[in-house]
Amino acid sequence: MRTLDWVVLVTSLVSIVAYGLYRSRGSNTVDRYLLAGRTMPWYAMALSIMATQASAITFISTTGQSYVDGMRFVQFYFGLPIAMIVICSTAVPLFHRAKVYTAYEYLEKRFDGKTRTLASLIFLAQRGLSAGLTIYAPALVLSVILGWPERNTTLLMGATVVSYTVLGGIKAVTWSDVQQMCIIFLGLLVSLITVIVLLPKAVSFGDAVFLAGAAGRLNAVTTNFNWNDRFNIWSGLLGGTFLFLSYFGCDQSQVQRYLTGRSVTESRLSLLFNAVAKIPMQFFILFIGAMVFVFYLFAQPPLLFQHAELARIEGRGEYPAVADRYSEAFEDRRQATKALVEAHHAGDNAAVERATGEYRVAQKRMDAARAEASRLVTLSGGEKDFSDTNYIFLSFVTKYLPVGVVGLVIAVIFAATMSASSGEINSLATVTVVDMYRRLRPRASDHHYVTASRFATLFWGAYAVLFAGWGKRLGPLIVAVNVVGSLFYGSLLGCFVLAFGFRRVGGTATFVGMIAGEAAIFWAFFFTNISWLWYNVLGCAAVVGTALAITYLWPNSGPNSGPNSGPNSGPNWGPNSGSSSGPSSAEGARERTPLRG
Amino acid sequence: MRSRLFNCHYVLMPPVPPDHDEPPPFLGTWRRVYMAILIYLGAIIAGAYLFTRAYR
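Residues numbered from 1 in each chain as written. Chains lettered and ligands numbered in written order. Predicted model: local features only at pLDDT ≥ 70, side-chain atom pairs only at ≥ 80, totals over all residues. Heavy atoms only, no water.

(A) Spotlight on the overall build of chain A. For chain A, the count of helices and strands is 24 helices and zero strands. Counting over 597 residues, chain A shows a buried share of 64%. Here chain A displays about 20,500 Å² of accessible surface, and carbon together with sulfur accounts for 62% of that area. (Helix = DSSP H or I, 4+ residues; strand = E, 2+ residues; numbered from the N terminus. Buried < 20%, exposed > 50% of the residue type's maximum accessible area, 1.4 Å probe, protein only. Areas by Shrake-Rupley, 256 points an atom, 1.4 Å probe, with all protein chains shown as cover.)

Shown next as structure tokens:
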């Protein structure tokens, strides 16, 4: 990082935070602090939703994943547009009409208090863990660039995000997200252009795409079905749909984005924008990773991209031989790549096949040398199953990108972290206060709840920072985040499916169903090799199946037998209770009737 | 008993009142908007498949 990089980075971050805080003036009531007074336009919500989902992990880990495994991760997003359509036609109008602060508040209106509490606890557990990972990723960036211990950088990142979120509330979060997404789009575009410009002069963009394809890095669609394969078109369409239904329909960190909308239409448009834009965006990010791979066909990549671990093994007796094998294999791969480009230019198919074969042999030798180096890391006291996937893009950025662009890319990663973390922490605080705290102290003043929300934000920020230390043990970050989510999302989704679609199922049946769903998911996690993308399907099916069975076997467990205390049981929000707490108003009572039959 | 179980399978989404279900700003109805997005998804998947085939 040179002076210009620091100037770009600091200017970007300060302007984002300042703009967000400026737009959040007047967020001094609960309604404004947590839901922006329900005044947000669709484009702000759309970019906020996108920014909340696209954390720094998206840029650090996805590019690395594309480098080592190709672009097939994009299939994971194929279910997203389907999920958005379902949510737009079901959850969005219901949540808006119920005038809830959280998705789980709706569950008490539909079922009972214990179901709402269980759903809230499940959300708090899983989103709290994810929030830690979200902070860990950019802390990793600072650690690489500044040479600081990861613990210190984690603490710094967490403190920045928490202070900004505590001060601004959701309005600051949302308007900052808008700016952050603009910087992210700019940074991505500049990164791709820079990678292509850095390729050797004899290699055109068309050649680069051809080489990436020949190396198996443009495998965007895999049609083979395999339960244990995380990324194929079937797991993406079915498993992905369930995961995104859970994420956008039941996860407060997303639901809260579109609850801030002026109307149902504005909220729907914000989600549908993501349905259209998300897949091309992920494709674009993965494509950058593939181009970085092509770049490294001509410039020797380090044996390990994580410099600290490389330094750790350099003193070992086995290291020189491994490094020599790696360098020889790289030189052979480079020659094969050159031959491949020439054969491609000449249109000589036989020569293309021959050069491709030589290329693949050399690539296998490089992979073997890297695997040996990873083994040395473990033998030297490093992580078991060491993986440096998360360091690939960062290593490339800091070593090869020109001055100024490095600062911009780092700003992108910071912006993404701030947007994702602030959204997560804000939603965790909202659920803590709305679904937990105000039920214990239902008659406090509006100001009291705003203060409680700020303290809850502080608490969850500290929790996320503490958990961040555990993140590196979970493998590639992008996968880790989704694994954590998948352990809990299936049950939440099953609960909302019952709420929206099965009138006769009551609170007790749903409550037991959710416990059964969690049991099924954890059984699959610990005792089977089923890919995590299927956990949501499994969990949802277990919840719905169990609840229906209970309703069938014990009809008295139906909707009228639960401890739901009726439309007037909701605690007050003080002066805003008439409009915000839904069920306590006449409108809420009228609208609740059809849900309960 | 059987009929009671199937009773659970009714599609019981309460109809959204007309004043809440404003028409979208384009294509006239939400149903058409959703259909357009499904067609778009199909085109994206087909494009990604052809891309994979062309460069493998």
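What follows continues from the structure just given.
(B) Seen up close, the pattern of salt bridges. Residues and elements named next belong to chain A. Within the structure shown, the criterion is met by 14 salt bridges over all chains. Between R127 and E424 there is a salt bridge, with the nearest N and O atoms lying 2.5 Å from each other. In this pair, R127 is assigned in helix α8 (residues 113-146) and E424 in helix α18 (residues 405-440), connecting sequence segments 297 residues apart. As far as burial versus exposure is concerned, R127 and E424 are alike and both buried. Salt-bridge contacts for E309 lead to R312; the nearest nitrogen and oxygen are separated by 2.7 Å. Residue E309 and its partner R312 are located together in helix α14 (residues 307-313), separated by three residues, close to a single helical turn. Note on E309: relative accessible area 8%, which makes it buried. Judged by relative accessible area, R312 falls into the partly exposed class, the value being 36%. (Salt bridge = Lys/Arg side-chain N within 4 Å of Asp/Glu carboxyl O.)

(C) How the structure looks around helix α3 (residues 42-53) of chain A. Residue and element names in this part refer to chain A. For α3, built from 12 residues, the straight-helix expectation of 16 Å at 1.5 Å per residue is met to within 8% by its first-to-last C-alpha distance of 17 Å. Most of α3 sits inside the fold, with 10 of its 12 residues counted as buried. All of the buried residues in α3 are A44, M45, A46, L47, S48, I49, M50, A51, T52 and Q53. (Expected span 1.5 Å × (residues − 1).)

(D) Representation of the packing of helix α13 (residues 264-295) of chain A against helix α2 (residues 30-54) of chain B within the structure. It is the contact of α13 of chain A with α2 of chain B, at a shortest axis distance of 12 Å, that shows an interaxial angle of 5°. The angle between α13 of chain A and α2 of chain B places the two elements in the roughly parallel class. When α13 of chain A is examined against α2 of chain B, the residues T265, R268, L269, L272, A275, V276, I279, P280, F283 and F287 of chain A are found in contact with a partner set consisting of W30, V33, Y34, I37, Y40, L41, I44 and F51 of chain B. (Axes fitted to C-alpha atoms, helices over the stretch in contact; angles between N-to-C directions. Parallel < 35°, antiparallel > 145°, perpendicular 65-115°, else oblique. Contact = heavy atoms within 4.5 Å.)

(E) Structural detail: the confidence of the model for chain B. Residues and elements named next belong to chain B. Averaged over chain B, the pLDDT score is 75; the fraction of residues at 70 or greater is 64%. This model gives residues 1-13 a pLDDT under 50, and the stretch forms 24 contacts once residues within four places in sequence are excluded. Confidence metrics for the complex model read pTM 0.81 and ipTM 0.81. (pLDDT = per-residue confidence, 0-100.)

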